[in-house]
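Inside the fold
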2 protein chains.
Amino acid sequence: MSDVAARVGVSQALVSLVFRNQPGASAETRERVFQAAEELGYRPDAAAQLLRRTRSRQLGVLFTMRHPHDVDIVEAVYPAARKHGYNVVLSAMVATRGERQAVEELLALRSEAIIIIGTESSAHELAAVAGQTPVVEINPTARAAGVDVVRTADGNGVRQAVDHLAELGHRAIAHLDGGVMPGAGERRRGYRAAMRRHGLAEHIQIHSGDYTEESGAQAARELLAHDELPTAVIAGNDRSAHGLLTTLLRAGVRVPEDVSIVGYDDSQLARLSFIDLTSVRQDAAEVAELAVQAAVERLDDGRTADRDIVLNPTLVVRGSTGPPRAS
Amino acid sequence: MSDVAARVGVSQALVSLVFRNQPGASAETRERVFQAAEELGYRPDAAAQLLRRTRSRQLGVLFTMRHPHDVDIVEAVYPAARKHGYNVVLSAMVATRGERQAVEELLALRSEAIIIIGTESSAHELAAVAGQTPVVEINPTARAAGVDVVRTADGNGVRQAVDHLAELGHRAIAHLDGGVMPGAGERRRGYRAAMRRHGLAEHIQIHSGDYTEESGAQAARELLAHDELPTAVIAGNDRSAHGLLTTLLRAGVRVPEDVSIVGYDDSQLARLSFIDLTSVRQDAAEVAELAVQAAVERLDDGRTADRDIVLNPTLVVRGSTGPPRAS
DNA sequence: TTGAAAGCGCTAACAC
DNA sequence: GTGTTAGCGCTTTCAA
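Remember, it's a predicted structure, so these values are computed and weren't measured experimentally.

**A look at the nonpolar core**
Counting 68 residues, the largest nonpolar core has F63 and L90 of chain A together with F63 and L90 of chain B as its most contacted members. Discounting chain neighbours no more than four positions away, the residues touching F63 of chain A are V74, L90, S91, A92, M93 and I117 of chain A together with F63, M65 and L90 of chain B. Ranked by size, the runner-up nonpolar core spans 38 residues in total, among them L50, I116 and V129 of chain A together with A108 of chain B.

See below:
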């Protein structure tokens, strides 16, 4: 930067102003600074900026790349952060690097807040971090004190799925759950409640799963082993619905003629023409925006009370659901 | 850090040594430093380290999260980098953020080299970056000067697939290609060459695709519109094989009884029990290790000549391929 | 084995 | 509009 300043014949401070788009430099100076920078191949040094600035304006994002819906959210965090004047630093949760380490890295790089997307964090570890830095968790497994949460009203989403199927005339509606995974408990409870409300309590049938494709495939095998299939299945997420759907197809079961299937997440998977899954939509862009907003409220507006932000999902009806066979 | 030093009653320099595991501090001092750090909740500041250190020892990784195989590689980069004493900085290529910007960010954070995973970079832009910093591209679309490349011998992989199918007795073996996507050209050429070598030139049949699930589904529809299906299809990657497979299944075609299908990448998708795709394996861990190695050779060993590292893939036979119907 | 001092590249606060 | 100064938190070099 001093090279640029020397070349233009002004002080470093002025060059700094220009690069930060701050007022206080004439249009002509700006022009000359940019030109000199171009000629010298100058690029601002993030390490030095980070060190010197009072605020880093960086949002740390902890994520896993395994769930398609999480990928959508990560993508959506970028524009949301920029809107509020923040940068994004990524830290991947991978097998060879614990969550602890990933968080430490974000903190060492001066992230002012941490947004956690779809990890199975221990409430214990999280609470320790939340003491020092605002933490926003998206679709968490469990609640932790001091942490903001952005999640969808999962019970509501499943209720919409049951309503839709009941309206089509289904009665034997099973649920493939997600065990201890994020949101699974509420989805399971929502399923039970909705079934009861429709007077279908006796048809309640829950198969255990864990949101993976294989657990969907496993459930399909179990269903096939029984004399009679349910006429509809609500899966805990799209991935397990995918396993369920394809395994049934391979066994010669037609969807939706023989069995209707509903997924959850409305991920890219659900939208594929050959999957074409009726699914409960959680809008990634909205989730990302609210998560960033929650962080910004703590950072810029001084909020200290925890927030629990609940979004209402919507059912997207596609080709995997239809009326049951007339039997 | 000065707090820690003051607390222990030593100089900052000594504390620094201890934290970097450098020799030159007594065991007792180390112990006391760590304890004081713990008590004060001290954490090294990455920005300051980055600024002051002669070398950042950071490897910038540019990636997209859309292809399952790329995710595997990103994961594998972490241990590979650590092995060579480097850290990893991530920068996602997402729609709202051009490649240019993503690279700038990595460079601003002092990445000493850039590893690019599965993006469709313009050779032009890349060459400019490669002038300043070592760049390693994994499975690139096109070659650029000054850039190291790690890729698999795609022609070889497809040849193995054709050999496998021919051995099973297939003759009408079609190829679903990947258009201009990374490796697609070589896979297409490999298919043609292998078909000719088996005397099956007249059966050469190429369907155009772009590695997406939908292009696989589209190809399936085209195949179904014809009188006769080929007895086997080699897809350009697992995603398009997935679209192809499931669309055929939905149309009542049995796999592998009616049609055998081979994928490419051996991604997690291929391994799912209900997909169970014979696929060409590119070992993610090996690819990552070689990419890191290439960067390290430039950085630490002073290599300046470009390297083109070609890995031989292996065919993993699963349930999607079998002998053709006796006709 | 330890300490003192300088300075990485930038921004903030103030003066002109 | 522009310049001066100090210093962010650490590592490096040199001396003790």
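From this point, things continue past the structure.
**A closer look at the interface of chain B and chain A**
At the junction of the two partners, chain B supplies 51 residues and chain A supplies 51 residues. For the pair chain B and chain A, the two sides together bury roughly 4,600 Å², of which 57% comes from carbon and sulfur. Applying the counting criterion to the chain B and chain A interface returns eight salt bridges. For the interface between chain B and chain A, the tally reads 23 residue pairs in polar contact (both at pLDDT 80 or more). Among the secondary structure elements, those contributing two or more residues to the side of chain B that touches chain A are α4 (46–52), α5 (68–83), β2 (87–92), α6 (99–108), α10 (213–225), α11 (238–250) and α12 (268–271) of chain B.

**Digging into the sheet that holds strand β8 (residues 232–235) of chain A**
Residues and elements named next belong to chain A. Pairing within the open sheet is mixed, and its six strands lie in the order β7-β6-β8-β9-β10-β12. On the outer flanks of this sheet lie β7 (206–207) and β12 (314–316), each paired with one strand and no other. In this sheet, strand β10 (residues 278–281) lies alongside strand β9 (residues 260–265) in parallel orientation, the contact comprising four bridges. Across the sheet, G263 pairs through a bridge with S279, a residue of β10. Contacts between helix α11 (residues 238–250) and the sheet are confined to β6 (173–176), β8, β9 and β10, with β9 contributing the most and set at about 155° to the helix.

**What about the packing of aromatic side chains?**
Centre-to-centre distance and the angle between the planes together describe a pair of aromatic rings. Counted under the stated rule, the structure contains four aromatic pairs over all chains. Seen from their ring centres, F19 of chain A and Y42 of chain A are 5.1 Å apart, and the 70° between their planes marks the pair as edge-to-face. One end of the pair, F19 of chain A, is in helix α2 (residues 12–19); the other, Y42 of chain A, is in the loop between α3 (27–40) and α4 (46–52), with 23 residues separating them in the sequence. The exposure class of F19 of chain A is partly exposed, given its relative accessible area of 26%. Put simply, the rings of F19, F34 and Y42 of chain A pair up and form one aromatic cluster. Over the ring of Y264 of chain B we find R187 of chain B, and its NZ or CZ is 3.9 Å from the ring centre.

**A closer look at the domain arrangement of chain A**
Here chain A is partitioned into domain 1 (2–44) and domain 2 (53–327). The C-alpha centroid of domain 2 of chain A is placed 47 Å from the C-alpha centroid of domain 1 of chain A.

**Side note on the pairing of strand β11 (residues 308–311) of chain A**
Residues and elements named next belong to chain A. Burial along β11 is one-sided: the face carrying I309 and L311 is buried and the face carrying D308 and V310 is not. As defined by bridge partners, strand β5 (residues 147–152) adjoins β11 across four bridges and the pair is classed as parallel. Across the sheet, residue T152 finds its bridge partner in β11, namely L311.

**Describing the environment of F63 of chain A**
Residues and elements named next belong to chain A. With respect to the helices and strands, the residue F63 is situated in strand β1 (residues 58–63). With relative accessibility at 0%, the residue F63 sits in the buried group. Between the C-alpha atom of F63 and that of A251, which follows or precedes it by 188 residues, the distance is 36 Å.

Definitions and limits used
- Residues numbered from 1 in each chain as written.
- Chains lettered and ligands numbered in written order.
- Predicted model: local features only at pLDDT ≥ 70, side-chain atom pairs only at ≥ 80, totals over all residues.
- Heavy atoms only, no water.
- Core = buried A, V, L, I, M, F, W, Y, C linked by side-chain atoms within 4.5 Å.
- Buried < 20%, exposed > 50% of the residue type's maximum accessible area, 1.4 Å probe, protein only.
- Contact = heavy atoms within 4.5 Å.
- Buried area = accessible area lost by both parts, 1.4 Å probe.
- Salt bridge = Lys/Arg side-chain N within 4 Å of Asp/Glu carboxyl O.
- Polar contact = N/O pair within 3.5 Å; in protein donor to acceptor, adjacent residues only side chain to side chain.
- Helix = DSSP H or I, 4+ residues; strand = E, 2+ residues; numbered from the N terminus.
- Pairing = 2+ DSSP bridges.
- Axes fitted to C-alpha atoms, helices over the stretch in contact; angles between N-to-C directions.
- Phe/Tyr/Trp six-rings, centres within 6.5 Å; stacked < 30°, edge-to-face > 60°.
- Lys NZ or Arg CZ within 6 Å of the ring centre and 35° of its normal.
- Domains from an automatic or database assignment.

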